[in-house]
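# Structural characterization, general
For reference, the chains in residue letters:
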Amino acid sequence: MQTSHKKVHAFHFGPFRYLFFARLLTVLGNGIAPIALAFAVLDIGGSVSDLGIVVASRSLFNVAFLLLGGVLADRYSRSRVMVSSSIVAALSQAIVAGSVLGGSATVMGLAVLGAINGAAAGIALPASQALVPQTVPTHCRRSANAIIQLGIYGGTVIGASLGGILISIVGPGWGLAIDALGFAAAAPLYLLIRVASIKTTEVQSNILLDLKVGWKEFASRAWVWSIVVQFTIINAAFSGVVMVLGPVIADASFGRASWGMIIAAQSVGLITGSFLALRWRPRRDLFIGTMLVALCAAPVFLLSLPTSAPWLMAAFFIAGVAFGLFGVAWAQSLQTHIPPEKLARVYAYDAVGSFVAIPFGELVAGPLAAQYGSSHVLLVAAIAIVIATAGACLVPAIRQLENTPRIKPHVI
């Protein structure tokens, strides 16, 4: 018996519900953790450099394990990969919380445990993204991606807000304990996800061969690698340079409170864009989404000028909307056109390109600003965003891509 597509949405399907709430719990905890960890390092007498070491250790191991995560997610049950990574993350964060609460925490210990947590997150990311199309039928895929994205952005905002409140009331140790609890609660939800296995025709020999096959799939599609190149530049400019120079400019002009409201406006824009994507279904949504990303050059350009906070809030909000719309179109395109048995590895290569760019932008922002001035660096960053987006829009494969199902969906 078939049910009308109009009456059925993503939450109708149990596997998707489990996936949504498991990811939401993880995101909520991870929204609290960075704030808690920062104050935990400072509370034990750590310096700003010590904090940088702890944060960097997690980030480095997160990127280092992404490709392995893609291979594992394409070889084995993606839900089981998520269960394993959640358990490792829960245990590592629980030990961190225990050491902070017990007064035995050291900078080196926090760095090592952070590295373990980062590795678990790196392994989990490709599996969590590639699992989405297995939990819903093809006609619900777009709404599923939009809802997942809403949960991620909304959970991040709520988690960060709760983090500040909890740490001020009960201290950073309990904030880290809540993050560990989030991972622990997510594990059984991932275990409850029952979906059809992905059957592969490849002869699985070793990890390097699997990575080579994944790279071939990634590099053979111009619309995939060109957008990853576009976002490597955009992430370095927007998420890297702006997030370093923005607070400096805020201190010298409109103030820290206004900068917080500007970042909040971007978060609201991300959530709004995800909501719009539930209804917005153009035939060539990836091309339109790619063009819209050019709007994120506006707040970068305005930041290079003497601009008031309300104008910046509006510009960052619009940029957030553009990112939100693009994110759903990108997920929909990958899940529609990439073979399911290779999807996680393509996601992994995409994530590596994105994640490496952000710390690069953060590292070069300060020295470049000292040499040429913040305004000039931000102006060049805005121009780079426009050029990268224009270049991507000129790629015929992006302009012509339509998100009609090409890959036979697996029965749930």
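About the cut-offs
- Residues numbered from 1 in each chain as written.
- Predicted model: local features only at pLDDT ≥ 70, side-chain atom pairs only at ≥ 80, totals over all residues.
- Heavy atoms only, no water.
- Core = buried A, V, L, I, M, F, W, Y, C linked by side-chain atoms within 4.5 Å.
- Buried < 20%, exposed > 50% of the residue type's maximum accessible area, 1.4 Å probe, protein only.
- Helix = DSSP H or I, 4+ residues; strand = E, 2+ residues; numbered from the N terminus.
- Contact = heavy atoms within 4.5 Å.
- Axes fitted to C-alpha atoms, helices over the stretch in contact; angles between N-to-C directions.
- Parallel < 35°, antiparallel > 145°, perpendicular 65-115°, else oblique.
- Left-handed = near helix turned anticlockwise from the far one by under 90°.
- Nonpolar A, V, L, I, M, F, W, Y, C, P; charged D, E, K, R; others polar.
- Expected span 1.5 Å × (residues − 1).
- Arc of directions from axis to C-beta.
- Phe/Tyr/Trp six-rings, centres within 6.5 Å; stacked < 30°, edge-to-face > 60°.
- Disulfide = S-S within 2.5 Å.

## Concerning the nonpolar core
One recurring pattern in soluble globular proteins is that nonpolar side chains are buried together. Residues Trp223, Phe238, Phe254, Trp330 and Leu334 are the most contacted members of the largest nonpolar core, which totals 79 residues. Among the elements that take part in this core, helix 9 (residues 222-252) stands out by supplying 13 residues, more than any other. If sequence neighbours within four positions are ignored, Trp223 has contacts with Leu286, Trp330, Ser333, Leu334, His337, Ile338, Ala397, Ile398 and Leu401. Listed in part, the 15 residues of the second largest apolar core include Ala40, Val96, Leu110 and Leu176.

## Things to note about the packing of helix 6 (residues 141-170) against helix 10 (residues 256-279)
At their nearest, the axes of helix 6 and helix 10 sit 8 Å apart, and the two run at 165° to each other. Looking at the two axes, helix 6 sits roughly antiparallel to helix 10. In the crossing of helix 6 with helix 10, the sense of the turn from one axis to the other is left-handed. From helix 6, Arg142, Ser143, Ala146, Ile147, Gln149, Leu150, Tyr153, Gly154 and Val157 reach across to helix 10, where they touch Ser267, Leu270, Ile271, Ser274, Phe275, Ala277 and Leu278. A per-class count over the contact of helix 6 with helix 10 returns ten nonpolar, five polar and one charged.

## Section: helix 15 (residues 374-393)
For helix 15, with 20 residues, the first-to-last C-alpha span of 29 Å sits near the 28 Å given by 1.5 Å per residue. Buried within helix 15 we find Ser374, Val377, Leu378, Ala381, Ala382, Ile385, Ala388, Thr389, Ala392 and Cys393. Buried residues along helix 15 cover an arc of 150° about the axis, so they all sit on one side. When the buried face of helix 15 is taken as reference, the exposed residues oriented beyond 90 degrees from it are His376, Val380 and Ile387.

## Overview of the packing of aromatic side chains
A ring pair, where both rings are aromatic, is described by two values, the distance of the centres and the angle of the planes. Here the structure, examined in full by the defined rule, presents 16 aromatic pairs. Arranged with centres 5.5 Å apart and planes meeting at 75°, the rings of Phe11 and Phe16 form a pair that is edge-to-face. For Phe11, a relative accessible area of 25% corresponds to the partly exposed category. Summarising the aromatic geometry, the rings of Phe11 and Phe20 are spaced 5.1 Å apart at their centres and angled 80° between planes, so their arrangement reads as edge-to-face. By relative accessible area, which is 11% here, Phe20 ends up buried. Feature note: the residues Trp223, Phe231, Phe238, Trp259, Phe316, Phe323, Phe326 and Trp330 constitute an aromatic cluster, connected by ring pairs.

## Focus: the state of the cysteines
Applying the stated criterion to the full structure yields zero disulfides. The thiol sulfur of Cys296 is not disulfide-bonded, and the nearest other cysteine sulfur, from Cys393, lies at 12 Å. With relative accessibility at 1%, the residue Cys296 sits in the buried group.

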